[in-house]
Number of protein chains: 2
Amino acid sequence: MSRKPTLAVVGATGAVGTVMLQILSQHADIWGEIRLVASPRSAGRKLAVRGEETEVLALSEDVFDGVDVAMFDVPDEVAAQWAPVAAAKGVVVVDNSAAFRLDPDVPLVVPEVNPHAARVRPRGIVANPNCTTLSMIVAIGALHAEFGLRELVVSSYQAVSGAGREGVETLRRQLKLVTGTELGTSPGDVRRAVGDDTGPFPEPVALNVVPWAGSLREDGWSSEEMKVRDESRKILGLPGLRVAATCVRVPVITTHSLTVHARFEDEVTVDRAREILATAPGVVLFDNPAAGEFPTPADVVGTDPTWVGRVRRSLDDPTALELFVCGDNLRKGAALNTAQIAELVAGEFTAR
Amino acid sequence: MSRKPTLAVVGATGAVGTVMLQILSQHADIWGEIRLVASPRSAGRKLAVRGEETEVLALSEDVFDGVDVAMFDVPDEVAAQWAPVAAAKGVVVVDNSAAFRLDPDVPLVVPEVNPHAARVRPRGIVANPNCTTLSMIVAIGALHAEFGLRELVVSSYQAVSGAGREGVETLRRQLKLVTGTELGTSPGDVRRAVGDDTGPFPEPVALNVVPWAGSLREDGWSSEEMKVRDESRKILGLPGLRVAATCVRVPVITTHSLTVHARFEDEVTVDRAREILATAPGVVLFDNPAAGEFPTPADVVGTDPTWVGRVRRSLDDPTALELFVCGDNLRKGAALNTAQIAELVAGEFTAR
């Protein structure tokens, strides 16, 4: 007889953890016990999941006793320490940090693209991709399956909630400082109004765009840009894929957008690309500029799919498509994909 | 003996016209009379230029009597009608509309890139490029001269003042509606707050990004995207240049930003690219991410040059560079470049 597996949510009180609990309350109830876990600082708080107030437990080894699957959304160094502890106790860890994504013994999974990969997990860990890659990869994966992807040139328009609650609060504070004024038209006036209050960002983000996300890597690349390249290659199984990304923060609360120039092995047609995107699971094609239809974060926030619009064939290259893609960075970009992986894994328990 | 030529500023009361008058007051005083011209609605107003209150005249044929050079910043249809009228009276028209940019008998000029082109003007008209192209082309032209440009993939982050005063006022109104609230985290809440008050934009632009600028052209392309392709080709003298642009409006008041993936004939090095950009006229290289140095609109607004940062060589293509470029869309993107062309032309009068 099958039994309902036990789930732990580690990092339940964060921006992504909050969305995880919403999703668990909305999805089919496949779980037995759901245990909420956070840092000792948050232990004892009560959070609602599936309509029940549930006490948050402090992260410890004992908290994983009897747990089948754990979803982690914690800082990289916390995941690096604790995911192996949970895995050693037989827990399947689905981790949303960057700690294990490029580990060859850890699959990096997007259920619409490479669900099979989740079954082979030598370390007992499955990694969830970063939010920027996740905001486009379902659509790209569908096109790749038909046309054979050769190259991606992507530019991001990343929401502040990608930097957590602190990112959102920073933009809200800055907006109050610059709204109702003439700021934004003279050199340095936004900077003077905002002062040093840039929160997790290197520059003011209100009335501004900031071409930086993450930490500095080799040759001037940011860690976020390297993640888009490395993770896209791993998810698609294309280790030689050409990827050039520039990641830019914009004053949007939630939902990442990307422009994508995708070059394929074969010649493409817009009609066939639209057919693929219109029927691909997890994708919404919203592309009729004559009727004012293209995705924007204001429409996409709070929804599950990857929205695709502005589908065009490059005028000078019949093998390339141009797209504008939006995805909720807290849902598909983080909590939703993590939950989808956990549900894939749960199927193994209920099938036993 | 040389004489100081007479200048007319047509469209003196608009967002760009206002910046034109500022620039004329700041630059070396090479002009004799400066005549201010606008629609009959604005005639009789007084505006300051070179420290003098000057009455605005209504646009008419007579207003061009004795004028040597005229800078036009008016809607396309007004330019199409009136630039030939002025030219027929011997006036050299420097026009910032789209009406003549692709006319083979009208040069399209960026003084740092193709100044020679301004001397050959069969129709008596010189065209000023659109603001998005101008925000990057000085930097691209300098790199092209060394490496030979083959392809551009660009994504824009365009400021609302590119849509004139109405664009700025629309963003300011919308910011008041969304600031100090929890808007931006649930589906449709920004849209509900803003209602139909989207001004010149098809969607709310506060807490949002909008992948549309201009009007619909063939195969899903926007007019703004076609301008970037057509005008870059003409300015650089590369009719076969591959260009793929996606133009996106962002909640920034003034200064357009672009990500640029530029592929060249020859292999490139970041060191040589940086040398070129550090010494190119009209370009500021601001590129030291370790010290938090990269251009953002908040720093660039109100300045003349094209600012370039985030210079990287593509990891998978030694012939391609990635750049992040910012330029004030009202200055270099419009008024400044128009004034620079007018000053080039004025040199012909003073040299007589």
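Note that the structure is a prediction, hence the values are computed from the model and not measured. (Residues numbered from 1 in each chain as written. Chains lettered and ligands numbered in written order. Predicted model: local features only at pLDDT ≥ 70, side-chain atom pairs only at ≥ 80, totals over all residues. Heavy atoms only, no water.)

1. What about the overall build of chain A?
If you tally the helices and strands in chain A, you get nine helices and 13 strands. Compactness check: chain A gives a C-alpha radius of gyration of 21 Å against a globular reference of 20 Å for 352 residues, within 12% of the reference. Residue burial in chain A is summarised as follows: out of 352 residues, 63% are buried. For chain A, long-range pairs separated by at least 24 residues make up 69% of all intrachain contacts whose partners lie at least 6 apart in sequence. Side-chain charges of chain A comprise 35 positive and 46 negative groups, with the mean position of each set lying 2 Å from the other. (Helix = DSSP H or I, 4+ residues; strand = E, 2+ residues; numbered from the N terminus. Rg over C-alpha atoms; globule rule 2.2 N^0.38 Å. Buried < 20%, exposed > 50% of the residue type's maximum accessible area, 1.4 Å probe, protein only. Contact = heavy atoms within 4.5 Å. Lys, Arg positive; Asp, Glu negative; His and termini not counted. Charge placed at Lys NZ, Arg CZ, Asp CG, Glu CD.)

2. Comments concerning the interface of chain A and chain B
Between chain A and chain B, the contact holds 74 residues from the first and 74 residues from the second. Buried surface at the junction of chain A and chain B, both sides included, amounts to about 5,900 Å², of which 61% is carbon and sulfur. Counting the surface chain A buries against chain B, the share from its top three residues, A:Tyr157, A:Leu315 and A:Asp316, is 11%. Seen at the junction of chain A and chain B, the total is twelve salt bridges. Notably, a salt bridge pairs A:Arg233 with B:Asp316, separated by 2.9 Å at the nearest N-O pair. Applying the counting rule to chain A against chain B returns 33 residue pairs in polar contact (both at pLDDT 80 or more). Of the residues contributing to the side of chain A that touches chain B, the split by class is 35 nonpolar, 21 polar and 18 charged. (Buried area = accessible area lost by both parts, 1.4 Å probe. Salt bridge = Lys/Arg side-chain N within 4 Å of Asp/Glu carboxyl O. Polar contact = N/O pair within 3.5 Å; in protein donor to acceptor, adjacent residues only side chain to side chain. Nonpolar A, V, L, I, M, F, W, Y, C, P; charged D, E, K, R; others polar.)

3. A word on the pairing of strand E3 (residues 46-49) of chain A
All names here are of chain A. In E3, alternate side chains face the same way, and those of Leu47 and Val49 are buried while those of Lys46 and Ala48 on the opposite face are not. Examined bridge by bridge, E3 and strand E4 (residues 52-58) share four bridges and lie antiparallel to one another. Within the sheet, the bridge partner assigned to Val49 lies in E4 and is Glu52. Counting the residues that bridge the hairpin from E3 to E4 gives two residues, and of these Arg50 lies at a positive phi of roughly 55°. (Pairing = 2+ DSSP bridges.)

4. What to know about the pattern of salt bridges
Counting across every chain of the model gives 46 salt bridges over all chains. The salt bridge involving A:Asp68 is made with A:Arg3; its shortest N-O contact spans 2.7 Å. Placement of the pair is A:Asp68 in the loop between E4 and strand E5 (69-72) and A:Arg3 in the segment before strand E1 (7-10), with a sequence separation of 65 residues. One salt bridge in this structure joins B:Arg274 and B:Asp287, with 2.6 Å as the shortest N-O distance. Of this pair, B:Arg274 sits in helix H7 (residues 270-279) while B:Asp287 sits in the loop between strand E11 (283-285) and helix H8 (297-300), and the two are 13 residues apart along the sequence. Exposure remark for B:Arg274: the relative accessible area of 28% places this residue in the partly exposed category. One salt-bridge network, in which partners are shared between bridges, spans A:Arg229, A:Asp230, A:Arg233 and B:Asp316.

5. Brief notes about the packing of helix H3 (residues 131-147) of chain A against helix H6 (residues 223-236) of chain A
Residues and elements named next belong to chain A. At their nearest, the axes of H3 and H6 sit 10 Å apart, and the two run at 35° to each other. Relative to H6, H3 is oriented so that their crossing is right-handed. Contacts between H3 and H6 involve Cys131, Thr132, Thr133, Met136, Ile137, Ile140, Gly141 and His144 from the former and Glu224, Lys227, Val228, Glu231, Ser232, Ile235 and Leu236 from the latter. The residue makeup of the contact of H3 with H6, split by class, is seven nonpolar, five polar and three charged. (Axes fitted to C-alpha atoms, helices over the stretch in contact; angles between N-to-C directions. Left-handed = near helix turned anticlockwise from the far one by under 90°.)

6. Regarding the UniProt feature "binding site: substrate" (unreviewed entry) in chain A
All names here are of chain A. Look at the UniProt record and you will see "binding site: substrate" (unreviewed entry) annotated at Gln158 and Arg249. These annotated residues cover 92 residues of sequence, and their C-alpha atoms lie no more than 4.6 Å from one another, placing them together at a single site. Mapped onto the elements of the fold, Gln158 is located in the loop between strand E8 (149-157) and helix H4 (164-178). Residue Gln158 is classed as buried on the basis of its relative accessible area of 1%. In contact with Gln158, not counting residues within four places along its chain, are Thr132, Ala213, Glu224, Cys247, Val248, Arg249, Val250 and His256. As for its placement among the helices and strands, Arg249 is situated in the loop between strand E9 (242-246) and strand E10 (256-264). (UniProt positions renumbered as here; feature names shortened; annotations may be inferred.)

7. Re the relation of the copies chain A and chain B
Of the transformation placing chain A onto chain B, the axial shift is 0.0 Å and the rotation is 180°, giving an RMSD of 0.0 Å. Here the two chains are linked by the operation of a two-fold rotation axis. (Least-squares fit on C-alpha atoms with pLDDT ≥ 70 in both.)

8. Topic: the packing of aromatic side chains
The tally for this structure, following the rule as stated, stands at eleven aromatic pairs over all chains. Residues B:Phe286 and B:Trp307 carry aromatic rings whose centres are separated by 5.6 Å and whose planes lie at 80° to one another, so their mutual orientation is edge-to-face. Taken together, the positions of B:Phe286 in the loop between E11 and H8 and B:Trp307 in strand E12 (residues 306-313) put the pair 21 residues apart, joining distant regions of the chain. Its relative accessible area of 23% is what places B:Phe286 among the partly exposed residues. Pairwise contacts between aromatic rings join A:Tyr157, A:Phe324, B:Tyr157 and B:Phe324 into one cluster. The side chain of A:Arg312 reaches across the aromatic face of B:Trp221, ending 4.7 Å from its centre. (Phe/Tyr/Trp six-rings, centres within 6.5 Å; stacked < 30°, edge-to-face > 60°. Lys NZ or Arg CZ within 6 Å of the ring centre and 35° of its normal.)

9. Remarks on the UniProt feature "active site" (unreviewed entry) in chain A
Residue and element names in this part refer to chain A. On the UniProt side, "active site" (unreviewed entry) is annotated at positions that read Cys131 and His256 here. Separation in sequence by 126 residues is not matched in space for these annotated residues, since their most distant C-alpha atoms are only 8.0 Å apart. Residue position: Cys131 is located in helix H3. Accessibility expressed as a relative area gives 16% for Cys131, which makes it buried. Setting aside its immediate chain neighbours within four residues, Cys131 contacts Glu224, His256, Asn329 and Gly333. In this fold, His256 is placed in strand E10. The buried category is assigned to His256, whose relative accessible area is 0%. Contact partners of His256, with chain neighbours within four places excluded, come to Cys131, Thr132, Ser135, Tyr157, Gln158, Ala159, Gly162, Val325, Cys326, Gly327 and Asn329.

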